[in-house]
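# Results of the structural survey
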Amino acid sequence: MNHIMHQRRREWLLIALGCIVTAIGVSLLKEARIVTGGSAGLALSLSYLFHMKFPVLFILINLPFLLFAWVKMGRSFTLRTIGAIGLLSGLTALEGLLPEYGMPLMVEAVAGGALVGIGICILFKNGASFGGSTVLARYLQLKYGRDPGKTGFAFDLAVIATSLSAISLGGALISALSLAITGTVISLYKGRLDASRRQAPGQTASPSATTMAAG
């Protein structure tokens, strides 16, 4: 029992770390006025368009996905995702207290995309997500064998298309570059996970490592 409690505390601490890393990445993207993929990217795009706060939009966008996750993906995954969404929203709401980074646009795009990808990977490894397309992609993979990468990419294309009404064409192209970096980071993580499974075919992966490994 003590081992289980210790493991759960460790997983929640790592989820918090993933949220912090992602929040820094999102703040870089906001300063550069570009978007990323998933529900975070859609919230960023709509925040530019309607001049609303990112945390509010991020929570509102994820509400239907959380209901879907509760029904289809289980209680544990949904609660962890709710915690991650709430923490990321709170952290991004505090970014006004920080000074501007003052980095070149391309540096912010690359660094922001990489940090978002790293944060998502940390959440994947600990059985959580930031909601949105990750929930849908994971469900379609489990239920119908759909490639989660293609599902997520289709959603991300829609996010980039939506952003065209709020940012310039150049900003959309830089957003696509940042998105590609995020996807590359996640693909590298998934490739490493698949390789480790092939090296130890007789071992059973832990639930925290597999819940969202293909998200």
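Below, the structure is looked at part by part. (Residues numbered from 1 in each chain as written. Predicted model: local features only at pLDDT ≥ 70, side-chain atom pairs only at ≥ 80, totals over all residues. Heavy atoms only, no water.)

Within the largest apolar cluster, 40 residues are counted, with the highest numbers of intra-cluster contacts made by Leu44, Phe54, Phe58 and Phe130. Secondary-structure elements contributing two or more residues to this core are helix H1 (2–32), helix H2 (38–50), helix H3 (54–72), helix H4 (75–93), helix H5 (105–125), helix H7 (148–163) and helix H8 (169–199). Look past the residues within four positions of Phe58 in its chain and what remains in contact with it is Ser39, Ala40, Ala43, Ile85, Leu88, Ser89 and Phe130. With 6 residues, the next largest nonpolar core counts Ala69, Met73, Val135 and Leu140 among its residues. (Core = buried A, V, L, I, M, F, W, Y, C linked by side-chain atoms within 4.5 Å. Buried < 20%, exposed > 50% of the residue type's maximum accessible area, 1.4 Å probe, protein only. Helix = DSSP H or I, 4+ residues; strand = E, 2+ residues; numbered from the N terminus. Contact = heavy atoms within 4.5 Å.)

Look at H2 against H3: their axes get within 9 Å of each other, and the N-to-C directions meet at 130 degrees. On the basis of the axis angle, H2 is oblique to H3. For the pair H2 and H3, the crossing hand works out as right-handed. Contacts from Ser39, Ala40, Leu42, Ala43, Leu44, Leu46 and Ser47 in H2 reach Phe54, Leu57, Phe58, Ile61 and Asn62 in H3. (Axes fitted to C-alpha atoms, helices over the stretch in contact; angles between N-to-C directions. Parallel < 35°, antiparallel > 145°, perpendicular 65-115°, else oblique. Left-handed = near helix turned anticlockwise from the far one by under 90°.)

The subject of this paragraph is the side chain of Thr22. Inspection of the secondary structure puts Thr22 in helix H1. Apart from the residues lying within four places of it in its own chain, the contact partners of Thr22 are Leu88, Leu115, Val116, Gly119, Ile120 and Phe130.

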